[in-house]
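Residues per chain, in single letters:
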Amino acid sequence: MLPNHAPLVVAEQFGTLESLFPGRIDLGLGRAPGSDAVTMRALRRDLNSTGDDFPELVQELRTYLGAPVPGQRVFAVPGQNTNVPITLLGSSDFSAQLAGHLGLPFAFAAHFAPDYLLPALQLYRQTFHGNGFGREPYAMVGLPIIVAPTDAEAHRLLTTPQQRFLSLTRNHSVELKPPVDSMDGLWAPWEKQAIDARLAQAIVGSPETVRRKLADFVKLTGVQEIFAVTDTYEQSDRLRSYSLLAGCAA
């Protein structure tokens, strides 16, 4: 979340990583606070900030990571001229359009804002400008993905992120909770509707089910990359899900 940090500090941090591990580092930038007001205050964020200065922050950061320009007086050391690849992150049309104008890759957060997925991807591609470098749009999407040996087990594991969104809806603590056999009795009908909307793009099921749903999703969206958000209570379930997912994508 770039507005939480000074661009010069980010450039030097990622410049250090790139210097240590050449060609293995990239940088995702978002404009949202990424947390609540208490955390924003702890980060010395302006609580009245709208994020409208995000384009200027991105440009400043790119200056510190790129080749020095005439008249530049402040340099990132290390960082300058490392050209760490940048991807813009977003859950609305703001970063989609900015990524298009700048000719940068774009990653959409469909794991919590699925309603805006298709409009944001369309806007990104419509506004994309390769800036004379022959670039093509490169779109990524974050999805809730849970893979288990059977559909029934995967949907039981899904009750953990469902409970997490339920807690978020009620302004409660959002720590992960163990899965339950049924969400009936835990949420009101309007809460179920709201949480189902949040998880509308979730891909959940057995390897066979997930393989089919992934293929359908890629056909629908044309994205080049998907990253999985797998909020299971047990780490062993998460690791198993990733292992099964790797087989689905092979």
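Here, every reference points to the structure presented above.
Presented here is an overview of the structure given in this document.

Regarding the pattern of salt bridges
Once the charged atoms of two side chains with opposite charge are near each other, the side chains can pair. All chains considered together, the criterion is met by 6 salt bridges. The partner of Arg164 in a salt bridge is Asp231, and the shortest N-O contact between them spans 3.4 Å. Remark: Asp231 occurs in the loop between β6 (225-229) and α9 (235-249) and Arg164 occurs in helix α6 (residues 151-169); sequence separation between them is 67 residues. Relative accessible area serves as the criterion here: at 23%, Asp231 is assigned to the partly exposed category. For Arg170, the salt bridge is made with Glu191, and the minimal N-O distance between the two is 2.8 Å. Of this pair, Arg170 sits in the loop between α6 and α7 (189-198) while Glu191 is found in helix α7, placing the two residues 21 residues apart along the sequence.

Remarks on the environment of Asp237
For Asp237, the location among the structural elements is in helix α9. The sequence separation of Asp237 and Tyr116 amounts to 121 residues, and the corresponding C-alpha distance is 29 Å. In this structure, Asp237 is in contact with Leu157 and Thr232, ignoring residues within four places of it in sequence.

Regarding α6
The end-to-end C-alpha separation of α6 is 27 Å, in line with the 27 Å expected for 19 residues at 1.5 Å each. Within α6, burial applies to Ala154, Leu157, Leu158, Thr159, Thr160, Pro161, Gln162, Gln163, Phe165, Leu166 and Ser167. For α6, the secondary structure elements touched by its buried residues are β4 (139-147), α7, β5 (203-205) and α9.

Things to note about unusual backbone geometry
With an omega of -10°, the peptide bond running from Val77 to Pro78 counts as cis. By the element assignment, Pro78 lies in the loop between α3 (54-65) and β2 (86-90). The phi dihedral of Asn83 falls on the positive side, at around 55°, and the residue is not glycine. When you line up the elements, Asn83 lands in the loop between α3 and β2. Given a relative accessible area of 47%, Asn83 falls into the partly exposed group. One non-glycine residue, Asn171, lies in positive phi territory at about 60°. One can find Asn171 in the loop between α6 and α7.

A word on the nonpolar core
If you look at the biggest cluster of nonpolar residues, it comprises 42 residues, and the most contacted ones within it are Leu2, Leu27, Leu29, Leu61, Leu88 and Val141. If one sorts the elements of this core by residue count, α3 sits on top with 6 residues. Every residue in contact with Leu88, bar those within four places of it in the chain, is listed here: Leu29, Phe54, Val58, Ser95, Leu98, Ala99, Leu104, Pro105, Phe106 and Ala107. Counting residues in each nonpolar core, the second largest holds 13 residues, with Ala154, Phe165, Leu166 and Leu199 among its members.

So, how was this worked out
Residues numbered from 1 in each chain as written. Predicted model: local features only at pLDDT ≥ 70, side-chain atom pairs only at ≥ 80, totals over all residues. Heavy atoms only, no water. Salt bridge = Lys/Arg side-chain N within 4 Å of Asp/Glu carboxyl O. Helix = DSSP H or I, 4+ residues; strand = E, 2+ residues; numbered from the N terminus. Buried < 20%, exposed > 50% of the residue type's maximum accessible area, 1.4 Å probe, protein only. Contact = heavy atoms within 4.5 Å. Expected span 1.5 Å × (residues − 1). Core = buried A, V, L, I, M, F, W, Y, C linked by side-chain atoms within 4.5 Å.

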